[in-house]
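# Observations on the model geometry
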Amino acid sequence: MEIQILDVDYVQVDEKPIVRIFGKTEKGEVVCGFYEGYMPYFYVEKTDAVKELLSKEPQVIKIETVKRTPVGGYQKPKEFLKVTITNPSKTPEIREKLKGAGVKVYEADILFKYRFMSDFGLSGMQWIKLEHNGVQTHTVRADKCVQIKKIKPGDNSGNAPLRLLALDIECVSVQKGAVPDAKRDPIILISLVFSERYEGRDSLVLSTRPDGDVLSFASEKEMLEEFARIIEKYDPDIITGYNINNFDFPYILERMRQNKIKPLLGRCKQKSVMARKVMARYKISITGRVVVDSFEIIKKDFSLTRYGLDFVAEALLGEKKVDVKHSEIEKFWKGTNKDFKKLVEYSRIDSVLAMNLLVKLHLIDKYIALSRISGTLLQDTLDSGETTRIENFTLREFNKKGFIVPCKPDAKEVAEREKARKKHLKGGFVLEPEKGLHSNVIVLDFLSMYPSIIRTFNICPTTLVRNQRPEKVIKTPLGTEFASKEIAEGIIPKILEKLMKNRGKIKKKLKTTEDPEKKRLLNAEQWALKIMANAFYGHMGYPRAKIYDLDIANTVTYCGRYFIHETKKIIEEEIGYKVVYGDTDSVFVETGEDDLEKLREIGEQISKTVSDRLPGIMTLEFEKIFKRFLPLTKKRYMAWSFSSGMNGWEENIEMKGIETVRRDWCELVSDTTKKIIEIVLKENNVKDAVDYFRGVVKSLVKSEVPVKKLVITKNMTKQPKSYAGIQPHIELVKKMQTRNPAEAPGIGDRVSYVIIKGTGLLSKRAEDPVYVMEKGLEIDSNYYIENQILPPLERIFNALGISKSELLGNGKQTLLSDIINNNNNHKETKEIPITDLKGFICKNCQKTYSHVPLTGFCECGGEIVFSSSKGMAASVVCK
DNA sequence: GCTACTCGGGG
DNA sequence: GTGTACGAGTAGC
């Protein structure tokens, strides 16, 4: 029998744990495999005192002497005690007792399911073959329950047919405007959407109101009981919804508690649904199933300005919600039959959208790939971060080679590490960017820089030279030493080699794969391999990590900085090009060439020269070409980029660290910013950009900009009177309440406003856009210039050497172009080709400028002329 | 510029 | 469940 692992847990029966593996066959049968005879264990240092301590513990059933190597500096294996006990849940107690006695304890904080999975080489969503006997049990809901004899890796790839359920609840608060409180406000409606038909339907709505197209119930209790029955009968593998982790599920569980219903929604008939509160956030676990919150994934994987379901569905699916405001739910609930029908439809569509997001955007592909690679169960991959995955993964790899891992650090240790880290750990090197607008810049990146450094110097906590000295070492540029590869190959470098090579193979396979389904899975896999490889460096510098080493983290970043400096030196001093910017693992090289193909050739040449010169597997790759490059500051730039793709050169505008859209900016800002960036980068015309900006300012002043483009939107999260400060949108709501209380926005609604002309406080001049259009009120153009379009654009123009006062003109008609044109009148006749143009220079004091001051003259009063590598010139010729 | 606090999503 | 872990954006020094 072959199954794909969905979930693993254990039950304690008569002093013995039984591991349960929940999975699904290729045909879609649900299987639960029971494994008996595997016992919990951990390691401690070997002393007589420890033996004495352990002999008093009734839980301990076996103490063996074993040879292992602790992780923490290069060393030879030594003797440890392997302690086996009867009950996994007793481990913390014994662990703390030993720790209290000053005894070093290893691997005593590993979840039992993961101890088991690690020893048997099992991963979440992995296919496995089971040799088994049939068993019958009434404790588990599955098509087949088997007693596992042996587990072997499976042959299948892809996924078993997974059955999905999407759900959404509706409720109304007794307190007007507030978010409903599960302790008090009942659920009125539950909508369910099925990926496989359930009793001939693909959706179902349950309600305590008895009309419309719903399953109706006399009480909330009966409705919730039926809800549980449907889940049992439909038996989904995956349950989804929008914000179900932090709203629907905690709410349903509390309502079940109030109604004295045990929340048995999982595949174990005895285990209730668990809602663990982790720092103000809930994590839901349901035995044998996986809860996927579309909202949480979208927030992580997509960069959007807002994450409300309406916005997300529209942006990502092009699908719309039913238009019902939160403040209207009560009205529709208590309203006519038609009103109620609309509410039912509203709820149903919310579930449909949650389902569609998951299915159409393939939201879980990445997480399945991460699970398979790291060994983590899908639910935990979704709920927890990088640390869990890395530690799961590393445990196996270290154990395989006879290493044992320390327990996680306590709060005191974490605090000390945090302090040391802050003080000593330096990050990547960021080069001060060369000011001004650049053309024809080649961008080169190190291929997986940190993983490559780790592999090149065999960097690992198991090879780091501390107390014991290996016969042969390799020294890093920082001076730290590691055992050389022939003596002891580091576990982490070896893992990275496997991950990187595997990724190469998958990328190759991807090129010859046509089937879109297979392609998607391969793509998710190569992505996950990259993510895992890149996470190791960060993990070793993470204060809560079990395998934490500041010396190692510092070695890695130091090498990074060292190699970037070396690279810059080689390019500038040996090859002879200027490096105009660089960040951590990249260099931006300016050349005189402007043909894309020739630039690529130069790029490849630089790549080869540098890679040959640097040690080990350090590889600098040609990445792309910036036809135009405008740095604002470190880590902030914009560029017109060309990279070679499948269909020749692919161009796009790249922005790093620059926002063009922000919640509190109106549309005019993003429109204008985008346009100006395009003029500067693509047309290389600063004058036109300035003109465009002035045009916008002019039309603002003349009230020619449509009101729609000036609307600013903010959320009102609480009652207007409970706001301490004065805020425009709140003041507007107060105004609207006196005008027409029924139409005024309520709590949780978004408030749209524009700022109008007047004498009072700015906040008091916020007005309803509709009202402004009806009454023809005048917009405060000054506000829009100073507070909206100017702040982002000022930074861009500053980078081009144009100050705010110059930009706004201030009456002086003195633009760069005019000055250049005026230069035609110059008496000097010397000409230079435009390709040699470096900038501008004062004829009198030699001060250089990247842009001509708009007065046309230097501070010293001297005349500004062109400067080139061949000297000064009065004019420039274009060829 | 940095660090501390808030709030998101949901109804 | 042998676990305790957000993160961007903004307000406040």
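Residues numbered from 1 in each chain as written. Chains lettered and ligands numbered in written order. Predicted model: local features only at pLDDT ≥ 70, side-chain atom pairs only at ≥ 80, totals over all residues. Heavy atoms only, no water.

## A word on the pairing of strand β8 (residues 127-134)
The cut-off we apply is this: Paired strands are those between which DSSP finds at least two bridges. Only runs of H or I of at least four residues qualify as helices and only runs of E of at least two qualify as strands under DSSP, and these elements are numbered from the N terminus.
Note that strand β1 (residues 2-13) and β8 share three bridges and pair antiparallel. When the sheet's bridge partners are listed, Ile3 is paired in β8 with Ile128. Where β8 and strand β9 (residues 144-153) come together, seven bridges link them in antiparallel fashion. Following the sheet pairing, Lys129 is matched in β9 by Lys152.

## What to know about the protein's contact with DNA strand C
Going by this rule: Here a residue is considered near a molecule or strand provided that any single heavy atom belonging to it is located within 4 Å of it. Within 3.5 Å is the distance limit for a polar contact, defined as a pair of N or O atoms, with the added protein rule that one can donate a hydrogen and the other accept it, and that residues adjacent in sequence qualify only through two side-chain atoms.
Looking at DNA strand C, there are 26 residues lining it, with Ala108, Asp109, Phe112, Ser384 and Arg544 nearest. The protein-proximal atoms of DNA strand C, defined as those within 4 Å of the protein, are 51% sugar or phosphate. Contact between DNA strand C and Arg276: a phosphate oxygen at 3.5 Å from a side-chain N or O atom of the residue. Those elements that provide at least two residues to the surface near DNA strand C are α2 (91-100), α3 (112-120) and β15 (274-278).

## Focus on the nonpolar core
For clarity, the cut-off: Among buried residues, the Ala, Val, Leu, Ile, Met, Phe, Trp, Tyr and Cys ones that are joined through side-chain atoms within 4.5 Å form a nonpolar core. Relative accessible area decides the class of each residue, using a 1.4 Å probe on protein chains only: under 20% of the type maximum gives buried, over 50% gives exposed, and in between gives partly exposed. Should any heavy atoms of two residues lie within 4.5 Å, those residues are counted as being in contact.
Counting 145 residues, the largest nonpolar core has Ile21, Leu499, Tyr784 and Phe797 as the members making the most contacts within it. The element that contributes the greatest number of residues to this core is helix α16 (residues 516-540), accounting for ten residues. Once residues within four sequence positions are removed from consideration, Leu499 is found in contact with Ile373, Phe393, Leu529, Met532, Ala533 and Phe536.

## Points about a negative patch on the surface
Rule in force here: Patch membership needs two things, relative accessible area over 30% and no salt bridge, and members are linked within 9 Å if like-charged or within 5 Å if nonpolar (Val, Leu, Ile, Met, Phe, Trp, Tyr). Here the open area of atoms and residues is found with the Shrake-Rupley method and a 1.4 Å probe, where only the protein chains shown may cover a residue. Think of a salt bridge as a Lys or Arg side-chain nitrogen and an Asp or Glu carboxyl oxygen that are within 4 Å of each other. Here the positive residues are Lys and Arg and the negative ones are Asp and Glu; neither His nor the chain ends is included. In plain terms, the charge of a residue is placed at NZ if it is Lys, CZ if Arg, CG if Asp and CD if Glu.
Taken together, the side chains of Asp594, Asp595, Glu601, Glu604, Glu621 and Glu623 present a region of like negative charge at the surface. When contributions to the negative patch are tallied by element, the ones reaching two or more residues are α18 (596-613) and β24 (620-633). In this structure, Asp594 sits in the loop between β23 (586-590) and α18. On the basis of relative accessible area, Asp594 is assigned to the partly exposed category, the value being 49%.

## A short note on the packing of helix α10 (residues 365-374) against helix α12 (residues 386-400)
The condition is simple: Orientation is described by axes fitted as lines to C-alpha atoms, over the contacting stretch for helices, and by angles from 0 to 180 degrees between their N-to-C directions. Angular relationships are summarised with four words: roughly parallel below 35 degrees, roughly antiparallel beyond 145, roughly perpendicular across 65 to 115, and oblique for the angles in between. Here the term charged refers only to Asp, Glu, Lys and Arg, the term nonpolar to Ala, Val, Leu, Ile, Met, Phe, Trp, Tyr, Cys and Pro, and the term polar to all other amino acids, Gly among them.
Viewed as axis vectors pointing N to C, α10 and α12 meet at an angle of 30°, and their least axial separation amounts to 9 Å. Between α10 and α12, the crossing angle belongs to the class labelled roughly parallel. Every residue of α12 that contacts α10 at Leu370, Ile373 and Ser374 is listed here: Arg389, Asn392, Phe393 and Arg396. Here the contact of α10 with α12 is built from residues that sort into three nonpolar, two polar and two charged.

## Considerations on the environment of Asn337
Considering the arrangement of structural elements, one finds Asn337 in helix α9 (residues 337-360). Ignoring any residue separated from it by four or fewer positions in sequence, one finds Asn337 in contact with Arg209, Asp211 and Gly212. Here Asp211 takes part through its side chain, which lies 2.8 Å from a polar atom of the side chain of Asn337.

## A word on helix α5 (residues 244-258)
Because an α-helix completes one turn every 3.6 residues, residues spaced three or four positions apart along the sequence face the same direction. Most of α5 sits inside the fold, with twelve of its 15 residues counted as buried. All buried positions along α5 are accounted for by Ile244, Asn245, Asn246, Asp248, Phe249, Pro250, Tyr251, Ile252, Leu253, Glu254, Arg255 and Met256. Phi turns positive one or two residues past the end of α5, at Lys260, with a value near 55°.

## Considerations on the sheet that holds β1
The mixed closed barrel is built from five strands, whose spatial order is β1-β2-β3-β9-β8. Put simply, the sheet's adjacent strands are angled 45° from each other on average, direction ignored. Two elements, strand β3 (residues 30-36) and β9, share four bridges in a ladder whose sense is parallel. Opposite Val31, over in β9, you have Lys144 as the bridge partner.

## Notes on the packing of aromatic side chains
We count it as follows: Ring pairs shown here join Phe, Tyr and Trp side chains whose ring centres sit within 6.5 Å, with only the six-membered ring taken for Trp; geometry is labelled stacked below 30 degrees between planes, edge-to-face above 60, and tilted in between. Comment: the charge-over-ring label is applied if NZ (Lys) or CZ (Arg) is within 6 Å of the ring centre and within 35 degrees of the ring normal.
Inspection of the entire model under this criterion finds 32 aromatic pairs. Look at Phe247 and Tyr251: their rings are 5.3 Å apart centre to centre, the planes differ by 40°, and that puts the pair in the tilted class. Taken together, the residues span about one helical turn, with Phe247 and Tyr251 both in helix α5 at a distance of four residues. Overall, Tyr251 belongs to the buried group, its relative accessible area being 3%. Each residue in the set Tyr10, Tyr35, Tyr38, Phe112, Phe116 and Phe120 is aromatic and connected to the rest through ring pairs, giving one cluster. Of note, Arg739 hangs over the ring of Tyr771, and the distance from its end group to the ring centre comes to 3.7 Å.

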